[in-house]
Amino acid sequence: MTTERSIVSFERPYGYAEMNRDVERLRGACPDLEVTRFGSSVMGKPLLAIRVGGGPKRVFVNAAFHANEWITTPLAMRFVEEAARALRDGAPLLGRDAAALFGRVALWVAPMVNPDGVELVLRGAGEEHPHRAELLEWNGGSEDFSGWKANVRGVDLNDQFPAFWEVERNRRAVGGPGPRDYTGEAPLSEPEARAIARFTEAMDFDAVVALHTQGREIYWNYRDAEPPESERIVSRMASASGYEAVKLTGSDAGYKDWFIHRWGRPGFTVEAGFGENPLPLAALPSMYEETSALLLEALLAYAESN
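Here we summarise the structure given alongside this text. Here the structure is a predicted model, which is why all the values come from computation and not from measurement. Along every chain, residues carry numbers that run from 1 in the direction the sequence is written. At least 70 in pLDDT is required for a residue's local features to be given in this predicted model, at least 80 for side-chain atom pairs to be given and counted, and no such filter applies to totals for whole chains, interfaces and linings, which use all residues. Water and hydrogen atoms were dropped before computing side-chain values, which therefore reflect all heavy atoms in the structure.

**A look at the layout of surface pockets**
Summary: where empty space remains is shown by rolling a probe the size of a single water molecule over the atoms. Stated precisely, the cut-off is as follows: Throughout, the protein atoms alone are placed on a 1 Å grid, and a set of points is a cavity if a 1.4 Å probe fits but cannot get out or a pocket if it is open with protein on both sides within 12 Å along at least five of seven lines; lining residues have an atom within 4 Å of a point. Grid points are joined across faces, edges and corners, and a volume is the space filled by probe spheres set on the points. A helix here means a DSSP run of H or I that spans at least four residues, while a strand means a run of E at least two residues long, and both kinds are numbered starting from the N terminus. Amino acids are sorted into nonpolar (Ala, Val, Leu, Ile, Met, Phe, Trp, Tyr, Cys and Pro), charged (Asp, Glu, Lys and Arg) and polar (every other residue, Gly among them).
The computed volume of the largest pocket comes to approximately 460 Å³. Of all the secondary-structure elements, those providing two or more residues to the lining of the largest pocket are β7 (207–213), α9 (255–263) and β10 (267–272). Taken together, the residues of the lining of the largest pocket sort by class into four nonpolar, 10 polar and 10 charged. Roughly 230 Å³ of volume is contained in the second largest pocket.

**Overview of helix α4 (residues 115–123)**
Operational definition: Only protein chains enter the accessibility calculation, which uses a 1.4 Å probe; a residue is then buried when its area is under 20% of its type maximum, exposed when over 50%, and partly exposed in between. The contact criterion used throughout is that any non-hydrogen atoms of two residues lie within 4.5 Å.
Most of α4 sits inside the fold, with seven of its nine residues counted as buried. Within the sequence span of α4, burial applies to Pro115, Asp116, Gly117, Val118, Glu119, Leu120 and Val121. Where α4 is buried, its residues meet α1 (16–29), β2 (46–52), α5 (132–138) and α7 (191–203). Positive phi shows up at Gly124, right after α4, with a value of about 75°.

**Focus on the pattern of salt bridges**
We count it as follows: In the sections that follow, a salt bridge refers to a side-chain nitrogen of Lys or Arg positioned within 4 Å of a carboxyl oxygen of Asp or Glu.
Evaluated as defined, the whole model comprises 29 salt bridges. Two residues, Glu11 and Arg12, come together in a salt bridge whose shortest N-O distance is 4.0 Å. Through salt bridges with shared partners, one network takes in Asp159, Glu168, Arg171, Arg172, Arg180, Asp181, Arg223 and Asp252.

**What about the pairing of β7?**
Threshold: Two strands pair under a simple rule: DSSP has to find at least two bridges between them.
Of all the seven residues making up β7, seven are buried; the element is thus mostly covered by neighbouring parts of the structure. By the alternation rule, side chains of β7 split into Ala207, Val209, Leu211 and Thr213 and Val208, Ala210 and His212, which are all buried. In this structure, β7 lies alongside β10, joined through six bridges in parallel fashion. Bridged to Ala210 within β10 is Thr269.

**Some thoughts on the environment of Leu294**
Turning to its location among the elements, Leu294 is positioned in helix α10 (residues 284–303). For Leu294 and Ser235, which are 59 residues apart along the polypeptide, the C-alpha to C-alpha distance reads 9.9 Å. Once residues lying within four places of it in the same chain are set aside, the contact partners of Leu294 are Ile218, Met237, Ala240, Ser241, Tyr243 and Val270.

**Focus: the pairing of strand β1 (residues 34–40)**
Pairing geometry for β1 and β2, over six bridges, is antiparallel. In the strand pairing of β2, Val35 is matched with Ile50. Hairpin connection between β1 and β2: a loop of five residues separates the two successive antiparallel strands, and Gly44 in this loop has a positive phi of roughly 90°.

This is a description of form; function is not addressed.
Shown next as structure tokens:
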């Protein structure tokens with residue numbers, strides 16, 4: 001018996017081209033996958049979401065809101081790969097019955113919310129880059145964009161959502177575009193943020209999980225708007241992964257904040273791994289062991305609910 005080799009590699013930097021290549025390979029290997037385009041980046045790159053399973057409960061996982069946290073994309077993609085293969089083969093997913101799970105739950109994954117920013121971190125702003133001049137200015141003249149979090153217009157996409165956005169803008173006190181923490185001129189001013197907000201509204205998700213780095217923590221609350229089951233679910237996620245469930249205060253305008261604020265449903269921000277961003281490739285295997293366990297636990301919580 002031969003073991004099918006993983007499509008999603010943990011051995012090299014993982015940018016937009018690598019993601020698109022793997023999406024096509026996964027579609028070939030697992031024909032039941034649904035891939036949809038839900039918007040475009042500033043530079044016109046398609047924003048993709050992938051569905052595994054067809055259950056009535058919908059859980060949405062997204063990754064790489066922050067450019068220097070691109071390592072969350074291969075984490076999300078490997079989970080899609082393992083889930084899709086388990087469902088295709090009638091095999092277990094991390095020891096659980098995949099067919100039963102995905103008969104109750106549909107997993108949606110947007111593996112790269114900020115593709116322009118990820119490409120900037122991984123490949124820089126060369127002479128051919130259409131935004132080179134302003135990017136260099138916003139980056140203090142440096143050609144090193146490895147610490148860049150924002151999109152290509154210098155806006156932090158996870159400070160873009162209409163959940164006490166003005167409070168976050170004042171707290172950040174960043175006056176213009178740059179590598180991090182600029183909220184933009186208004187909520188949802190950036191095409192990536194608008195696209196994921198519209199997709200979330202259209203899909204009517206039951207729960208969302210945003211993958212970030214780092215800290216090995218899970219944030220699960222927002223201004224007491226979260227439902228009672230959020231604490232129960234995050235306890236399961238924390239137990240499965242070894243991460244700490246943290247009740248966060250003093251933060252607004254993030255994606256999971258907006259989701260909780262808007263619908264009163266469970267939303268979670270996972271700070272995967274530990275160290276200094278961008279985390280090294282060598283951290284991926286242990287990070288995947290932890291995040292795959294907590295993602296599975298989140299799905300199981302919905303599969304087991306009424």
